[in-house]
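Summary of the model geometry
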Amino acid sequence: MLSFSMEKLCFQLTCPRDKEVNNRTVKVHAKVGNFVETEWKNLMVGDVVRVEKDAFFPADLLLLSSSYEDGVCYVETMNLDGETNLKLKQALKPTTKLHNNESFESFKAFIKCEDPNPNLYTFVGSMDYEGQTYPLSSQQILLRDSKLRNTEYIYGVIIFSGHDTKVMQNTTDPPSKRSGIERKMDKIIYFLFSMLVLIALVGSIAFGVKTRDDMPDWWYLRPDDANAYFNPDNPALAAFLHFVTALILYGYLIPISLYVSIEIVKVAQSMFINKDQQMYYAETDKPAQARTSNLNEELGQVDTILSDKTGTLTCNSMEFLKCSIAGTAYGQGMTEVERAMAERLGKDAVELQNLSFEDNDINDQVGTEMEIKPHIKGFNFRDKRLMNGHWQQEPHADVIRMFFRILAICQTAIPEEDEETGNVSYEAESPDEAAFVVAARELGFEFFKRTQTSVMLHEPGPTLDQVESEYRILNVLEFNSARKRMSVIVRNEEDRLFLFCKGADSVIFERLSKKQGREFGEATRTHISKYADAGLRTLAIAYRELDEEEYRVWNEEFMEAMNTVSADRDAKMDAVTDKIEKELILVGATAVEDKLQKGVPQCIDKLAQAGIKIWVLTGDKLETAINIGFACSFLRQGMKQILITLDTPEINVVEAQGDKEAISKVSRESVRKQISDGHMQVSSVRGNDDVFALIIDGKSLAYALEKEIKEKFLSVAIGCASVICCRVSPKQKALVTRLVKEGTGKTTLAIGDGANDVGMLQEADIGVGISGVEGMQAVMASDFAIAQFCFLERLLLVHGHWCYRRITTMICYFFYKNIAFGFTLFYFEAYASFSGQAAYNDWYMSLFNVFFTSLPVIALGVFEQDVSARFCLQFPLLYQEGLQNILFRWARIFGWMFNGVCSSTIIFFFSTSILKHQAFRHGGQVSGMEVLGATMYTCIVWTVNCQIALAISYFTWIQHLVIWGSIAFWYLFLFVYGSIKPTFSTTAYKVLVEACGPSPMYWFITLLVVISALVPYFTYTAFERRFFPLYHSLIQWARHEGIYEDPVLQTIPVHRNHVGFTARVEAGIEHFKNKIRHSHNGDRVTGLQNDSH
């Protein structure tokens, strides 16, 4: 039935979505020479389709042509890699002429390509067209589920369709999820069932022996006329029948109602999560959403978080914050890391800037008189020396002009003008590129138009008026992870040739001219280092003027390399570009901030303090991932980086040869060696203060996840404080999640916001979807949904801790009360010679788990709080109780069971010993079985309800109502049930009114037995809190004493934290202190030298 329900659920969730996708329509070329509408499900490999602007691609397509003459188009890959930035794709030059229906009637081509695979970023193939063979790369491939943007239409031919597409190759089947506590609870049930069988077996053997040996002497039982149950002639049959009876009688040891109670509690806990106003995001009107109630307690046991980056940690919005031009630092904006440093150092912003740049004169000039302007997306730059045209009074105004001109021209963005307002916005391949053109515009260099061959600027002229300038784009040398730079070659209106270049400082600096290109090198390098410390993304800006003859010769080589059909085409192009990108003149550097979502650094800091490990899995490039790592405080200065990459000269040489087997073999060995080297580094410094960060790219990860290597890779990753996986595909995200989950055996949580994160969310023990701007695919595949990453802090540290404590305490208490009840039955049956006689009335036993003990345990599971939400957040180490599973270890579980055995023993033997020979009524009569049963049952009801009152830390009126109300309801039930005629009430008839109620002995026994039964738990708890207190006990003590800060923090063991905002700030503060210390030492040495003179 469970399997059928799950299959039905999967069908209900996936069938409507699949049907909607399959029924989408696209124009496909018919044999009669025109394009007709058809559904996606009817498409086949080889079909030529026309896709309109803002539509999704129905399959993996080879781009043939577009609405642009040169065959380019812009693609949004949000559903594949989570990126909202546009990607530029370009068709092969021979097919760009295919622009109308008629041109496709005679179109014939033969395409050879790789087999279907999940690699999103690579493609190997060729196309035979018009007698020539053309190499194909990922630059010509349009993947299914990506969207056409800023292009009116494209024509493409289908190369993979249906389940062969790369996005479908990256999908994984949704698994069934159960919490670890539920799985452990199943084992406890098996244990209790084994105990049930054991005591039933012991009782049956004892009964068989007594039936054989003693029954003939019990003449008053008429053994000669006994049925099979008491027949001394067949004791084996009597023992077997007793065994069946005992299984039914002792069945109360198995808490069947526990499962029902847990489901009720989990639904209520989910409602509290959904209604938590602290996790409500007003801007998008999105509350938190618990999409399943099965995993509530797992939220309190998360060991590793695997997080997407774009849209999850960041807003995917870059802001131009600072820059260095001609050796001078500009920009007074501060990052969150700098603000925290200022607060910890007790300094204000200006003092920190002075300390940071050591240029008091410049900072005095900047002052605080900056004009307050409305916020502009992508631009957070404030410095009156450059704004409002004041840059023209700077000493190096010509260099500043060149700097912003390069920012405005060296890019591939597309300007879009609002027809109503006339404002220009930009669509760029990367958000930092958009920030550059916005910054250039705000400082007077407005890029407003692009054609196929030129860009148009509004820039300050010689008379300071804005003039329109045209720059012809001759060549674009694109950015890639190997080059780490981008260049454009342009011709200005004065017919002068320039190469404008921007890229990583390590690449640009080695290409500077030794004569005149390094004038500002040292100062710029210093500023770049400080920007990186502040978590900013930096690029160096440079240029050179080209000679006509030099350019002509180079361009011929470049065009020859670009038209090469061989597999080493990229290597040849890189070699040619190296010849022109040299003798550069350094202009300066940019510093942009990838705006994190609000509260992300603080959230990461709290989670790190709680002992939770955080991995970042992103589709970004290596450099971007590292920069984001610094911005989020996953990485910081002083960390030793273990970089595993296949982007090396040796691998590039092998790849240029095109031998797939050789490439695979060399790559695998390279990754194996790098992982082994990293393992040695991590192992050799354990116990020292060295902190490592592991950074691996997608190509290397494909080999690292192979069976022979993955265990060592995981060992290296676990030994590092931070792990960042970049350029990973959706399937790799899922595989990494599976590796961590299965390799560590601990709870993993995956969080993401895009369709590319679905596999990861489904693979993790807990999937959390961000209901952001990238659609609802991640939310639909998640177990919990939140609107902002920062809400994860409260979801785990507050709700996770509460739910874990509530569920574990509830389960342990359930076993306690059922054992306490069940063992009294066993003791009484032993007392009655294992005759199968129950100690209690049938209705007593039936209603024990329904009316008299059910509501208090449900109230505990719903409302219990060992500490308040404020303390959960103030002391994140409290989360370690769940992370280490302190409250649900076997020792604790068996301790509660032993407490149940103790309670049942005290209740039975105290009750029977007192009632056995004592006069119970005024007439001197002793008590009967009905009085003993009612008395013991009263003691059990009182004991188990008082026990839960002792276990509860947070009382509300609801707890008081259900606990004391359950006890009162027992007396009410006994009165009403006992008033019914004896044919129905049997042994309960008038037992309270006529027997128990009037007798002082009954009330004395209840008081004595209940207090005695609670003494073991009370004694153990007092001893534990005094000598071995748990984290929550210490915090409760601090709350009771009114001490919230240092004393408790000094008592609780401190978790050594190397990741997060706090660790980053502390490292920065230590850096500043060392700097000041060295400065003072230098002054002291200078003073001594002066004295000696």
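Residues numbered from 1 in each chain as written. Predicted model: local features only at pLDDT ≥ 70, side-chain atom pairs only at ≥ 80, totals over all residues. Heavy atoms only, no water.

What about the packing of helix α4 (residues 180-213) against helix α30 (residues 890-916)?
- It is the contact of α4 with α30, at a shortest axis distance of 13 Å, that shows an interaxial angle of 40 degrees. On the basis of the axis angle, α4 is oblique to α30. Here α4 and α30 pass one another in a crossing that is right-handed. Along its contact with α4, which presents Lys184, Lys187, Ile188, Phe191 and Leu192, the element α30 presents Trp890, Ile893, Phe894 and Met897.
- Broken down by class, the residue content of the contact of α4 with α30 amounts to seven nonpolar, no polar and two charged. (Axes fitted to C-alpha atoms, helices over the stretch in contact; angles between N-to-C directions. Helix = DSSP H or I, 4+ residues; strand = E, 2+ residues; numbered from the N terminus. Parallel < 35°, antiparallel > 145°, perpendicular 65-115°, else oblique. Left-handed = near helix turned anticlockwise from the far one by under 90°. Contact = heavy atoms within 4.5 Å. Nonpolar A, V, L, I, M, F, W, Y, C, P; charged D, E, K, R; others polar.)

A look at a nonpolar patch on the surface
- Where nonpolar side chains cluster on the molecular surface, the patch consists of Val850, Phe851, Phe969, Leu972, Phe975, Val976 and Val993 and spans about 600 Å² of accessible area.
- For the nonpolar patch, the secondary structure elements donating two or more residues are α26 (842-852) and α32 (957-979).
- The leading source of residues in the nonpolar patch is α32, at four residues.
- Locating Phe975 in the fold gives a position in helix α32. (Patch = residues over 30% accessible without salt bridge, like charges linked within 9 Å, V, L, I, M, F, W, Y side chains within 5 Å. Areas by Shrake-Rupley, 256 points an atom, 1.4 Å probe, with all protein chains shown as cover. Salt bridge = Lys/Arg side-chain N within 4 Å of Asp/Glu carboxyl O.)

Focus: the side chain of Thr577
- If you trace the backbone, Thr577 turns up in helix α15 (residues 569-580).
- Here the side chain of Thr577 touches Asp574 through a polar contact of 2.8 Å, landing on its backbone oxygen.
- What Thr577 contacts, discounting residues up to four positions off in sequence, is Leu477, Arg483, Arg485, Trp554 and Phe558. (Polar contact = N/O pair within 3.5 Å; in protein donor to acceptor, adjacent residues only side chain to side chain.)

A few points about the nonpolar core
- One finds Tyr250, Ile811, Phe815, Tyr840, Tyr844, Tyr937 and Trp970 to be the most contacted residues of the largest nonpolar core, which totals 93 residues.
- With 16 residues, helix α25 (residues 791-831) is the largest single contributor of residues to this core.
- Sequence-distant contacts of Tyr844, defined by excluding residues within four places in its chain, comprise Ala934, Tyr937, Trp970, Phe973, Leu974, Tyr977, Ala988 and Val991. (Core = buried A, V, L, I, M, F, W, Y, C linked by side-chain atoms within 4.5 Å. Buried < 20%, exposed > 50% of the residue type's maximum accessible area, 1.4 Å probe, protein only.)

Focus: the pattern of salt bridges
- Taken as a whole and assessed by the stated rule, the structure comprises 40 salt bridges.
- Its salt-bridge partner being Lys166, residue Glu114 comes within 3.2 Å of it at the nearest N-O pair. Taken as a pair, Glu114 in the loop between β7 (110-113) and β8 (125-129) and Lys166 in helix α3 (residues 166-169) lie far apart in primary sequence, 52 residues in all. A single burial state applies to Glu114 and to Lys166, both of which are buried.

With respect to a negative patch on the surface
- Taken together, Glu417, Asp418, Glu419 and Glu420 make up a surface patch of like negative charges.
- Inspection of the secondary structure assignment puts Asp418 in the loop between β17 (414-417) and β18 (424-427).
- Judged by its relative accessible area of 36%, Asp418 is partly exposed. (Lys, Arg positive; Asp, Glu negative; His and termini not counted. Charge placed at Lys NZ, Arg CZ, Asp CG, Glu CD.)

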